[in-house]
Amino acid sequence: MKNIGALNIPELCGNFDKALLQKAAAQFGTPLYVYDLDRITAKYEQLKLAFGGRKAMICYALKANSNLSVIKKMASLESGADCVSLGEIKRAILGGIPKYKIIYSGVGKQEFEIKETLKLGILFINIESKEEMLLVESCAKELGIPARISVRVNPDIDPQTHPYISTGLKENKFGVNLEEAKGIYLYAHNSPYLEPIGIHFHIGSQLTKLKPVSESAQKIAQLTHSLLALKMDIKFFDIGGGIGITYSDETTINPYDYAQAILEELRGLDLTIICEPGRFIVGNSGVFLTKVLYQKEHQGKRFVIVDGAMNDLIRPSLYNAYHQIVPLNAELQETTSADVVGPVCESGDYLGKNISLPPLQSGDILAVLSSGAYGFSMSSNYNTRPRSAEVAIEKGEARLIRRRENFEDLIALEKDYL
Ligand code: LLP
C-alpha cells in the first residue's frame, strides 16, 4: 500500500491549489480534467533550457494531450508538434503551430494523409518502412512536391519501461533496423522526389533510465556519420520523446542530464536536435477530479465508487499504471486501504487499487494526480458515457476549454439512420 502522506504532492499536483480544484469541480462538475498551463510553460522552459545554446527544437507530442487550448499554449511558447495522424496535424495548425515546425510519425500513414501532408508543407515525414517510403515517393511525384523525410530507426535497445509502451526493440512494430535504414537513405538520396533531411528514433515512453537513450543515440549517431560521408544533407537528429515523470516515488531522467547525454553522442555532428516530449510537458500538469458516489465493503475489502471510470482514464486498467489519489477536502490521517472504482460494467474498471484513503463521504472530490498525459486523449464513450469536460488554470483562474459531452453528442452520428 502506498503512503500518500509522505509523497511530494506539490510536484505531482503542479501548482494546484486544492481550494481552486474544489471550486472548479463545483463550477464545472465531475468527472473533470484540470490542466495547469503555467506548469506546462515551466516544463517546456525547463527542457528548452537543458539544451542551452545548442540548435534544438521541441516538438510537443500531441498524442499525450491534444486539447486545442493546450496546443495553443505550446504554440505561444514556440514549440513545434509531433503528430501521428492527419487529425493531429490539423489540430496542431488550428492551435497555431507553424507548418514548418510539424513532423509526422506513425507506422500506418495512409495515401490521403501523405498527400495532404505534402500539400501542407510540414517539416518532414518520419518513414517507418521501405513500402511506406515508396508510397511517399509516388505521392510526391504525382503532386510534383518533393517530400522531406526522416527515417525512424529502431536501434534494438531495451528501454526498460512497461512492455506496452516500449517501441525500440526489434520485436516492436516501429521503425526499421539500421541496415534497412541505410538502404532507404541510399534510395531516397537518389530519388528526385525524396529529400532525406533527418534521422529519427524513439525507444519508448515513461523512460526513467538514461542509459538506453544514450546507447540509442550513439548507434544512430554512427549511422548519421556514414550518411553524411555519402554526402547526404542530414540536418535534424530527432531523439523522439519518452522522458518519464514521477507518478509515485520513482526517480526519473533529469532533463539536463538527458540533453548532456545526447550532446555527448553528437560530438562532431552539427545537427539540429529535435525532441518530442509529451508526458514530460503535460503529465504532472494535469489532474482528474472525480466525485465519491458510494462506499462499500466486501469481506473486509473497502471500495470507493466514484463517478469517473476507465473510459475517462484508462491507464490504470490498461497498463496497471499507478496514479496517486488524494481527497481534496479531507486530512490524510487515519487512512485505510481502498480500491477506487468507477461505474463501468467491467471488473477492470478502477482508477486505483490499495490506495490509502481517509474516511470519506459521498460528494467528496478525489484528485487523481499526474493525469495530464494520455488521460483525456485516450478516453472513450464506452457504456455511452459522455466524455469529461476539460478546464485550464492560468494565473489562478479556471476556465472551460472543452465542454462536457452530452447524450445528444453521443448519438449525433447515428440518429439519422433510425
Ligand atoms: N514520439 C513518438 C514517435 C511517440 O511514439 C511518442 C509516444 C512520443 C513521441 C511521446 O512520448 P512521451 O514523451 O509522451 O513518452 N499511452 C501510453 C503512452 C504511449 C506513448 C506512445 N508514443 C501511456 O499512457 O503511458
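One can find the structure itself at the top, above this paragraph.
1. Remarks on the packing of aromatic side chains
Counting across every chain of the model gives six aromatic pairs. Relative to Tyr-35, the ring of Tyr-33 has its centre 6.2 Å away and its plane inclined at 25°; by these criteria the two rings are stacked. Each member of the pair, Tyr-33 as well as Tyr-35, is classed as buried. Plain terms: the ring middles of Tyr-33 and Phe-288 are 4.7 Å apart, the flat faces sit at 40° to each other, and that makes the pair tilted. Here the residue Tyr-33 occupies a position in strand β1 (residues 32-36), and Phe-288 occupies one in strand β10 (residues 286-298), the gap between them amounting to 255 residues. Summarising the burial analysis for this pair, Tyr-33 and Phe-288 share the class buried. Chaining the aromatic ring pairs together yields one cluster made of Tyr-33, Tyr-35, Phe-288 and Phe-376. The aromatic ring of Tyr-104 is capped on one face by Lys-109, whose charged end is 5.6 Å from the ring centroid. The ring of Tyr-350 carries the charged tip of Lys-353 above its face, separated from the ring centre by 4.4 Å.

2. With respect to the site of the ligand
The full set close to the ligand counts 18 residues, and Ser-205, Glu-276, Arg-315, Tyr-319 and Tyr-374 are the nearest of them. Contact distances for the ligand include 2.4 Å between an oxygen atom and a side-chain N or O atom of Ser-205. Here a nitrogen atom of the ligand sits 2.5 Å away from a polar atom, N or O, in the side chain of Glu-276. In the complex, the protein chains occlude 91% of the 580 Å² of accessible area that the ligand would expose alone. For the shell around the ligand, the per-class residue count stands at six nonpolar, six polar and six charged. When residues of the shell around the ligand are assigned to domains, at least three fall in each of domain 1 (2-35 + 283-412) and domain 2 (105-277).

3. Details of the packing of helix α5 (residues 86-94) against helix α6 (residues 111-120)
The contact between α5 and α6 brings their axes to 10 Å, and the two run at 25°. Looking at the two axes, α5 sits roughly parallel to α6. Here Leu-86, Ile-89 and Ile-93 of α5 come into contact with α6, specifically with Phe-112, Glu-113, Glu-116, Thr-117 and Leu-120. Residue composition of the contact of α5 with α6, by class: five nonpolar, one polar and two charged.

4. Notes on the environment of Ser-379
One can find Ser-379 in the loop between β15 (365-368) and β16 (389-394). Measuring from C-alpha to C-alpha, the distance between Ser-379 and Ile-314 comes to 6.8 Å, with 65 residues separating the pair along the chain. The residues touching Ser-379, leaving out its near neighbours within four places in the chain, are Asn-311, Asp-312 and Arg-387. At a separation of 2.6 Å, a polar atom in the side chain of Ser-379 contacts the main-chain carbonyl oxygen of Phe-376.

5. Notes on the sheet that holds strand β9 (residues 272-275)
If you trace the eight strands once around the closed barrel, you get β2-β3-β4-β5-β6-β7-β8-β9, paired in parallel fashion. Between one strand and the next, the sheet's axes are offset by a mean angle of 30°, whatever the strand orientation. Relative to strand β5 (residues 124-127), helix α7 (residues 130-143) is tilted by about 150°, and along the sheet it contacts β5, β6 (147-152) and β7 (194-200).

6. Concerning the pairing of β5
Of the two faces of β5, the one holding Phe-124 and Asn-126 and the one holding Ile-125 and Ile-127 are both buried throughout. Inspection of the sheet shows strand β4 (residues 102-104) paired to β5 by two bridges, in the parallel sense. When the sheet's bridge partners are listed, Tyr-104 is paired in β5 with Ile-125. With α6 bridging β4 and the parallel β5, this β-α-β connection has right-handed handedness. Where β5 and β6 come together, three bridges link them in parallel fashion. Within β6, the residue paired with Ile-125 across the bridge is Ile-149.

Each value, and the rule that gives it
Residues numbered from 1 in each chain as written. Predicted model: local features only at pLDDT ≥ 70, side-chain atom pairs only at ≥ 80, totals over all residues. Heavy atoms only, no water. Phe/Tyr/Trp six-rings, centres within 6.5 Å; stacked < 30°, edge-to-face > 60°. Buried < 20%, exposed > 50% of the residue type's maximum accessible area, 1.4 Å probe, protein only. Helix = DSSP H or I, 4+ residues; strand = E, 2+ residues; numbered from the N terminus. Lys NZ or Arg CZ within 6 Å of the ring centre and 35° of its normal. Near = heavy atom within 4 Å. Polar contact = N/O pair within 3.5 Å; in protein donor to acceptor, adjacent residues only side chain to side chain. Areas by Shrake-Rupley, 256 points an atom, 1.4 Å probe, with all protein chains shown as cover. Nonpolar A, V, L, I, M, F, W, Y, C, P; charged D, E, K, R; others polar. Domains from an automatic or database assignment. Axes fitted to C-alpha atoms, helices over the stretch in contact; angles between N-to-C directions. Parallel < 35°, antiparallel > 145°, perpendicular 65-115°, else oblique. Contact = heavy atoms within 4.5 Å. Pairing = 2+ DSSP bridges. Right-handed = clockwise from strand over helix to strand, strands pointing away.

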